[in-house]
Amino acid sequence: MSEDQYYYCIKHGAVEQGAGCRANDRLGPYPTREAAAHALESAAERTREEDRKDEDWDDPGAR
């Protein structure tokens, strides 16, 4: 684990750098503190994108 990587701890709602909480409680790594701070928003957007892909795959004529 590199000290120049950042993580978002979902248990504490905080950005961590390097070693921190256990991996099951963290999202990342992210290249910057700011990117880690927006981890939940980034994850939600990726989920929405994948959900749209799933909808298109299930019914390609729907869009």
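Preceding this paragraph is the structure being described.
Below you will find a few notes about this structure. (Residues numbered from 1 in each chain as written. Predicted model: local features only at pLDDT ≥ 70, side-chain atom pairs only at ≥ 80, totals over all residues. Heavy atoms only, no water.)

Considering the environment of Ala19
Then step 1. As for its position among the elements, Ala19 is in the loop between β2 (14–17) and β3 (26–30).
Then step 2. The exposed category is assigned to Ala19, whose relative accessible area is 63%.
Then step 3. Spatially, the C-alpha atom of Ala19 lies 9.5 Å from that of Gln5, the residues being 14 residues apart in sequence. (Helix = DSSP H or I, 4+ residues; strand = E, 2+ residues; numbered from the N terminus. Buried < 20%, exposed > 50% of the residue type's maximum accessible area, 1.4 Å probe, protein only.)

A look at the nonpolar core
Then step 1. Counting five residues, the largest nonpolar core consists of Tyr6, Tyr8, Tyr30, Ala36 and Ala39.
Then step 2. Residue contacts for Tyr6: discarding those within four places in its chain leaves Val15, Glu16, Gln17, Gly28, Pro29, Tyr30, Pro31, Thr32, Arg33 and Ala36. (Core = buried A, V, L, I, M, F, W, Y, C linked by side-chain atoms within 4.5 Å. Contact = heavy atoms within 4.5 Å.)

Quick look at a negative patch on the surface
Then step 1. A surface patch of negative charge is lined by Asp51, Asp54, Asp58 and Asp59.
Then step 2. The partly exposed category is assigned to Asp51, whose relative accessible area is 38%. (Patch = residues over 30% accessible without salt bridge, like charges linked within 9 Å, V, L, I, M, F, W, Y side chains within 5 Å. Areas by Shrake-Rupley, 256 points an atom, 1.4 Å probe, with all protein chains shown as cover. Salt bridge = Lys/Arg side-chain N within 4 Å of Asp/Glu carboxyl O. Lys, Arg positive; Asp, Glu negative; His and termini not counted. Charge placed at Lys NZ, Arg CZ, Asp CG, Glu CD.)

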